[in-house]
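# A structural walkthrough
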Amino acid sequence: MIKINENYLKLQASYLFSDIAKRVSAFQRENPDINVIKLGIGDVTRGLPPVCVKAFHKAVDEMAEDSSFRGYGPEQGYDFLRRAIAENDFQARGAEIAEDEIFVSDGAKCDTGNIQELFSKDITVAIPDPVYPVYLDTNVMAGRTGNYTDGRFDGIVYLEATRENGFVPQLPQQKVDLIYICFPNNPTGSTATREELKTWVDYARDNKALILFDAAYESFIRDNSLPKSIYEVEGAREVAIEFRSFSKSAGFTGTRCAYTVVPKDCRAFDAQGHSQSLHSLWNRRHCTKFNGVSYPVQRAAEAVYSDEGKAQTAELISYYLRNADLIRREIEALGYTYDGGRNSPYIWVDGQRDSWSFFDMLLNKAGVVCTPGAGFGSCGEGYIRISAFNSYENVKEAMARIARQLQ
Ligand SMILES: *Cc1c(COP(=O)(O)O)cnc(C)c1O
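As a starting point, this report considers the structure included with it. Every value quoted in this text rests on a predicted model; they were computed, and no experiment measured them.

Turning next to helix 8 (residues 278–289). Its twelve residues place the ends of helix 8 16 Å apart at the C-alpha level, agreeing with the 16 Å of an ideal helix rising 1.5 Å per residue. Every buried residue of helix 8 is listed here: L278, H279, W282, R285 and H286. Looking straight down helix 8, one finds that the buried residues subtend no more than 130° of arc, so they occupy a single side. Along helix 8, exposed side chains directed more than 90 degrees from the buried face belong to R284 and T288.

Here we take up the site of the ligand. In the vicinity of the ligand there are 14 residues, among which D214, Y217, S245, S247 and K248 approach most closely. For the ligand, an oxygen atom lies 2.9 Å from a polar atom in the backbone of K109. Coverage of the ligand by the protein amounts to 93% of the 390 Å² it exposes when considered alone. Those elements giving two or more residues to the shell around the ligand turn out to be helix 4 (108–114) and helix 7 (246–250).

Right, let's talk about helix 12 (residues 392–406) for a bit. One turn of an α-helix holds 3.6 residues; hence residues three or four places apart share an orientation. In this model helix 12 runs 21 Å from its N-terminal to its C-terminal C-alpha over 15 residues, within 8% of the 21 Å that 1.5 Å per residue would give. Listed as buried for helix 12 are Y392, V395, A398, M399, R401, I402 and A403.

On to the pattern of salt bridges, then. Applying the stated criterion across every chain, the model contains 25 salt bridges. One salt bridge in this structure joins R83 and E99, with 3.5 Å as the shortest N-O distance. With a gap of 16 residues between them, R83 in helix 3 (residues 79–90) and E99 in the loop between helix 3 and strand 2 (102–105) connect regions that are remote in the sequence. On the basis of relative accessible area, R83 is assigned to the partly exposed category, the value being 37%. Residue K289 pairs with E117 through a salt bridge whose shortest N-O separation is 3.0 Å. Here K289 is found in helix 8, whereas its partner E117 is found in the loop between helix 4 and strand 3 (125–129), with 172 residues between them in sequence. Under the relative-accessibility criterion, E117 is labelled partly exposed at 37%.

Below, the discussion takes up unusual backbone geometry. Cis geometry is found at the peptide bond from D129 to P130, where omega equals 0°. As for its position among the elements, P130 is in the loop between strand 3 and helix 5 (134–141). Backbone geometry at K208 places phi at a positive 50°, although glycine is not the residue there. Even without a glycine there, the phi angle at R256 is positive, about 75°.

Checked against the element boundaries, S249 lands in helix 7. Overall, the relative accessible area of 9% leaves S249 in the buried class. Polar contacts involving the side chain of S249 include one to the main-chain carbonyl oxygen of S245, which spans 3.3 Å.

Attention now goes to the sheet that holds strand 14 (residues 346–350). In space, the four strands of this open sheet follow the order 13-14-17-16, with antiparallel pairing throughout. Edge positions in the sheet fall to strand 13 (338–340) and strand 16 (371–372), since each of these pairs with one other strand and no more. Note: strand 14 against strand 17 (residues 383–387), five bridges, orientation antiparallel. If you follow W348 over to strand 17, its bridge partner there is R385. Contacts from helix 11 (residues 355–366) reach strand 16 and strand 17, with the element oriented near 45° to strand 17.

To continue, consider the nonpolar core. Soluble globular proteins: nonpolar side chains tend toward being buried together. The biggest cluster of nonpolar side chains holds 53 residues, and the ones touching the most others in it are I179, I211 and F246. Look past the residues within four positions of I179 in its chain and what remains in contact with it is A126, L159, W200, Y203, A209, L210, I211 and L212. Counting 45 residues, the second-largest nonpolar core is a separate cluster that includes I20, V44, I331 and V369.

This part covers the sheet that holds strand 8 (residues 210–214). Spatial strand order, 2-10-9-8-7-3-6: seven strands in an open sheet with mixed pairing. Where the open sheet ends on each side, the last strands, each with one partner, are strand 2 and strand 6 (156–160). Taken over all neighbouring pairs, the strand axes of this sheet differ in orientation by 20° on average, direction set aside. Alignment of strand 7 (residues 178–182) against strand 8, held across five bridges, turns out to be parallel. Bridging across to strand 8, Y180 finds its partner in L212. Packed on one face of the sheet, helix 3 meets strand 2, strand 9 (240–245) and strand 10 (258–261) and runs near 115° to strand 2. Those strands touched by helix 5 are strand 3, strand 6, strand 7 and strand 8, and its axis lies near 145° from that of strand 3.

Cut-offs applied
Residues numbered from 1 in each chain as written. Predicted model: local features only at pLDDT ≥ 70, side-chain atom pairs only at ≥ 80, totals over all residues. Heavy atoms only, no water. Helix = DSSP H or I, 4+ residues; strand = E, 2+ residues; numbered from the N terminus. Expected span 1.5 Å × (residues − 1). Buried < 20%, exposed > 50% of the residue type's maximum accessible area, 1.4 Å probe, protein only. Arc of directions from axis to C-beta. Near = heavy atom within 4 Å. Polar contact = N/O pair within 3.5 Å; in protein donor to acceptor, adjacent residues only side chain to side chain. Areas by Shrake-Rupley, 256 points an atom, 1.4 Å probe, with all protein chains shown as cover. Salt bridge = Lys/Arg side-chain N within 4 Å of Asp/Glu carboxyl O. Pairing = 2+ DSSP bridges. Contact = heavy atoms within 4.5 Å. Axes fitted to C-alpha atoms, helices over the stretch in contact; angles between N-to-C directions. Core = buried A, V, L, I, M, F, W, Y, C linked by side-chain atoms within 4.5 Å.

See the structure below:
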């Protein structure tokens, strides 16, 4: 008899985006003349930078000729891209990362989901609340949790991000082995200072733990005092893996390219307590289960690091940050408190009522769609996430409607 992985039955169905869609279509049926503005789902809206499109086209043309055709590439990514990443994203900022510590992939979602298979089933995992759901669900699938009761999985150490701690979780009271953190954060938009990241790095070093640092939104950091990479913190190379993506930084959500950094001195321990190289393990996994990102996509990603590419992606991010500024100012003028929106495309608003009531009010009164914070974990209850990913005109119109209706 073929049996299933019972852990899948513990997963909570995520109704978040389908519930949102249902309420939006009901509203639209009753109000066919209102143009509903979506500031909900975390997807970019603007086209690829022209320099990436040009490189993409050129690489496709190369694939058409026998003389320049490329078949399977290196699983870890082409040297041209790994080198550009290491030099521009790390070495230029004083973070010592070598090109062979970069693993190019088709997404940070897959990488943050897949990485947990390198670790034993009986480790203790710490996961933020509220959170990007991938970290939690993949550990549930792997059998690292008990059942789901009262909004939480048994066996997980939840790192609460609240108003009191500025949405930067405190170190856990008990000893944990694997820690997920994400800054700038999705969904709260909060950022962490170098000193705050240092406390996590020190904790991991003291407890032989490992940090999984999701930096998918680093390109939104404009405050130069904030770290973009965890490797800007001393001692992080031994205790942290970092995930990055071209999805939000260059509009690659539908094109697919990301990378994971596993330093060669990054370690985990075997049953005898001997240190093992995570770089070797991840390399083995990547080569066994993944056959590389397509060549034209890697050329398009490489173009991000040209002078033109840097200017065009900076403009792209500035555009969304201008939207975020506008959202923040309007929310503040209405007397709500919020976090994020400064070095992040997300604004996390304290709705002063439950998340879904606030969602319904924005939809029904203003025709604006946001995301209820409760969908990201129990600490998200009472909050909504507004996303800056839309056109400036739409954001302006959405905020004007909200201001008219909520004043
Ligand atoms: C969007 C996002 C990513 C990027 O995922 P891709 O698979 O690279 O598109 C990673 N982490 C978080 C928290 C995100 O919001």
